[in-house]
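Summary of the model geometry
What follows is the residue order along each chain.
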Amino acid sequence: MLDISKLEHRWLKYKIKSILPYAAILAVIIISIITFSFLMFNKTTTIPMVTSKKEDLKVKTPVPVPSINDENSMLLEPSMQFLQSMSGSTPLVESVPTTPVPVVPIKRSLPLAQVQAQTDTVPPIVKPPQVPVVKGKLTSIKRDDAAFDIHELEERFKNNSNPNLGLYIARYHYDHANYTESYNYALKTNGINATMDESWLIFAKSLVKLGKEDQAKKTLQLYISNSNSQNAKNYLNTLTKEYSK
Amino acid sequence: MEPSLFSKPRDLFTDVVNPRDYVQIDSVSHMYQSLKTSVQKPLKMILLYGRPGTGKSMLLHKLHHDLSKHQKVCMIDIPIIDEDDFLRVLAQKVYSYASREALTLTRFLELSSAVNFPVIPIVLLDEAQLYSAALMEKIRLISDARALKFVITLHKTDNEDIIAKEHFQTRIWESIELQNASHEELKIYIQKKLLKANCFDVANMINEKNIKLISKLTRGNYRESNKLMFALFSLYAWYEEHNPSKIKYNSLSTKYIEMAAIHTGLINA
Ligand SMILES: Nc1ncnc2c1ncn2[C@@H]1O[C@H](COP(=O)(O)OP(=O)(O)OP(=O)(O)O)[C@@H](O)[C@H]1O
Ligand SMILES: [Mg+2]
């Protein structure tokens, strides 16, 4: 059978291994920032345009591991001219953030070549999960939800009044933007079992989607007074913030 | 032992082929329909191929289950590799002709013309990559003589493209390729299995992110997905018994999915 503690141990090792590349990238970035600010502090001269030519070259043939020296020379770009030339290519830089590297604050000021080099150092396993793994045949799957017979489930719900099934149907409708239906099914589910957080949340969220924020808030307050649910409180807070602006 | 919330979902994902557990998935249903029409065409032999675990045996058993209501169908799911044995077993199964000795092809064809069926009987052969070329040739001759109609399944492996193999190249073969499930299909597969068995609470735990991860790990392969889900719910059953406070019921835990993947070898750790 399963040896859980051994499995947990192996999982931990796996996790550490998969986080390592990110940690390395983070370290490189932190070092660059430190060097950058250090050099900024010391030098006030602007950099001749020659370096930006060098960059152009680098963009075409990205080097997998940026050497520290190259980085430094690239990072020394306080001239307005350079910043302007950078802003022209913002879209390219903006398309990069799919790399889950937590460097948001400085991304905009990072030279293109460096950003690219960073993505290059990321090994294939850490590709963002959004990359679809679907092989071919994309056209034939777009109507697949039709194969999912929600009416059959609704019939079953009529007969067995199982609150978990009710919640399932409510969620299905909410995910398919049928907010009246999700409202209805969440309502029915709450009627059968009034203690299910998620059903109340879907109920409130459907109300918001239907443009009845006030009713949603009232419902949540009522539910919170009965259940003291933290999830409901959190959602109510977000709602209050959003709609008091 | 207490009946666990997760033991029923776990057992749903054991790797067995039972036509009653067949889950309807759009692209598979299309193939199934075309399979059913092909079966009505005379002379054609039908080849179901695809990688291991893409549901070939399942589709074949489903076909057997559905067709046997209307006509003579016989399933040979464990290959009979011995050539003489093959005809003997076939004669026994289709014509109820018991014989101790080996049958020649001529004798077999005589037998078949002596027995009259309203429609040509169908023989389903699973795992046909194990049959020899000589036996495949005999099968073709039987099909040519309109004695029997064959539907066979074949593994497709990396190093040899079976379709390129000589005896499947001729035009008498009608080929249908089964593929791994797409992300959407896998979602439908898992959800339908759970809902069919009334495991609504567990079905509610599965969100898009979970499906994405599962489909990434298993590449949409049904067998791999079964194994993963089985290990996952075994894990959950264990935690439920020994450490219930660790379980969060609002979604499947990424950690547990990864642990299950390590256990089944999908993740190398
Ligand atoms: N449409 C389906 N409905 C329900 N279960 C399915 C379906 N397709 C595949 N499965 C399940 O997936 C698993 C693998 O399927 P199957 O054994 O049919 O694969 P296969 O293509 O025959 O593999 P192999 O080439 O190794 O024989 C089985 O446990 C089966 O129950
Ligand atoms: Mg098989």
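Criteria and cut-off values
- Residues numbered from 1 in each chain as written.
- Chains lettered and ligands numbered in written order.
- Predicted model: local features only at pLDDT ≥ 70, side-chain atom pairs only at ≥ 80, totals over all residues.
- Heavy atoms only, no water.
- Core = buried A, V, L, I, M, F, W, Y, C linked by side-chain atoms within 4.5 Å.
- Buried < 20%, exposed > 50% of the residue type's maximum accessible area, 1.4 Å probe, protein only.
- Helix = DSSP H or I, 4+ residues; strand = E, 2+ residues; numbered from the N terminus.
- Domains from an automatic or database assignment.
- Contact = heavy atoms within 4.5 Å.
- Salt bridge = Lys/Arg side-chain N within 4 Å of Asp/Glu carboxyl O.
- Near = heavy atom within 4 Å.
- Polar contact = N/O pair within 3.5 Å; in protein donor to acceptor, adjacent residues only side chain to side chain.
- Areas by Shrake-Rupley, 256 points an atom, 1.4 Å probe, with all protein chains shown as cover.
- Nonpolar A, V, L, I, M, F, W, Y, C, P; charged D, E, K, R; others polar.
- Patch = residues over 30% accessible without salt bridge, like charges linked within 9 Å, V, L, I, M, F, W, Y side chains within 5 Å.
- Phe/Tyr/Trp six-rings, centres within 6.5 Å; stacked < 30°, edge-to-face > 60°.
- Pairing = 2+ DSSP bridges.
- Axes fitted to C-alpha atoms, helices over the stretch in contact; angles between N-to-C directions.
- pLDDT = per-residue confidence, 0-100.

1. Remarks on the nonpolar core
Residues and elements named next belong to chain B. In terms of nonpolar packing, the biggest core is built from 95 residues, with Leu35, Val151, Ile190, Leu235 and Tyr236 touching the most fellow members. Looking at this core, the element that brings in the most residues is helix H10 (residues 222-242), giving 10 residues. If you count residues domain by domain, this core takes at least three from each of domain 1 (7-20 + 181-264) and domain 2 (26-178). Contact partners of Tyr236, with chain neighbours within four places excluded, come to Phe6, Met205, Ile247, Ser251, Leu252, Ser253 and Tyr256.

2. With respect to the pattern of salt bridges
Taken as a whole and assessed by the stated rule, the structure comprises 17 salt bridges over all chains. The salt bridge involving Lys246(B) is made with Glu8(A); its shortest N-O contact spans 3.3 Å. With Lys246(B) in the loop between H10 and helix H11 (254-264) and Glu8(A) in helix H1 (residues 4-42), this pair bridges two chains.

3. What to know about the site of ligand 1
Residue and element names in this part refer to chain B. The immediate surroundings of ligand 1 are formed by 20 residues, with Asp15, Val23, Gly53, Lys56 and Ser57 found nearest. One of the backbone N or O atoms of Val23 is found 2.8 Å from a nitrogen atom in ligand 1. In this structure, Met58 approaches ligand 1 through a main-chain N or O atom, which is 2.8 Å from an oxygen atom. Its free accessible area being 630 Å², ligand 1 has 95% of it covered by the protein chains. Among the elements of the structure, helix H3 (56-67) and H10 are those that each provide at least two residues to the shell around ligand 1. Its residues assigned to classes, the shell around ligand 1 shows 8 nonpolar, 6 polar and 6 charged. When residues of the shell around ligand 1 are assigned to domains, at least three map to each of domain 1 (7-20 + 181-264) and domain 2 (26-178).

4. Re a nonpolar patch on the surface
Among the surface-exposed residues, Leu12(A), Ile16(A) and Leu20(A) lie close enough to one another that they form a single nonpolar patch of about 300 Å² accessible area. Its location among the elements puts Ile16(A) in helix H1.

5. Comments concerning the packing of aromatic side chains
All names here are of chain A. Counted under the stated rule, the structure contains 17 aromatic pairs over all chains. Between Phe157 and Tyr185, the ring centres sit 5.8 Å apart and the planes meet at 55°, which makes this aromatic pair tilted. Here Phe157 is found in helix H8 (residues 150-160), whereas its partner Tyr185 is found in helix H10 (residues 179-192), with 28 residues between them in sequence. When sorted by exposure, Phe157 lands in the same class as Tyr185, which is buried.

6. So, the sheet that holds strand S3 (residues 122-125) of chain B
Residues and elements named next belong to chain B. Strand order in this open sheet of 5 strands is S2-S3-S4-S1-S5, and the pairing throughout is parallel. Pairing within the sheet leaves two strands with one partner each, and these edge strands are strand S2 (73-76) and strand S5 (173-178). Ignoring strand direction, the axes of neighbouring strands in this sheet form an average angle of 15°. One ladder, built from 4 bridges, connects S3 with strand S4 (residues 149-155); its direction is parallel. Within the sheet, the bridge partner assigned to Leu125 lies in S4 and is Ile152. Sheet strands in contact with helix H4 (residues 83-95) are S2, S3 and S4, and its direction is about 145° off that of S2.

7. Considering H11(B)
Residues of H11(B) that are buried: Tyr256(B), Ile257(B), Glu258(B), Met259(B), Ala260(B), Ala261(B) and Ile262(B). Where H11(B) is buried, its residues contact H1 of chain A together with helix H9 (208-218) and H10 of chain B. Between the side-chain oxygen of the N-cap and the backbone nitrogen of Lys255(B) there are 3.2 Å, and the N-cap of H11(B) in question is Ser253(B).

8. Topic: the confidence of the model for chain A
Considering every residue of chain A, the mean pLDDT works out to 70; 56% of them sit at 70 or more. A low-confidence stretch, residues 46-146 of chain A (pLDDT under 50), is modelled with 102 contacts involving residues beyond four sequence positions or located in other chains.

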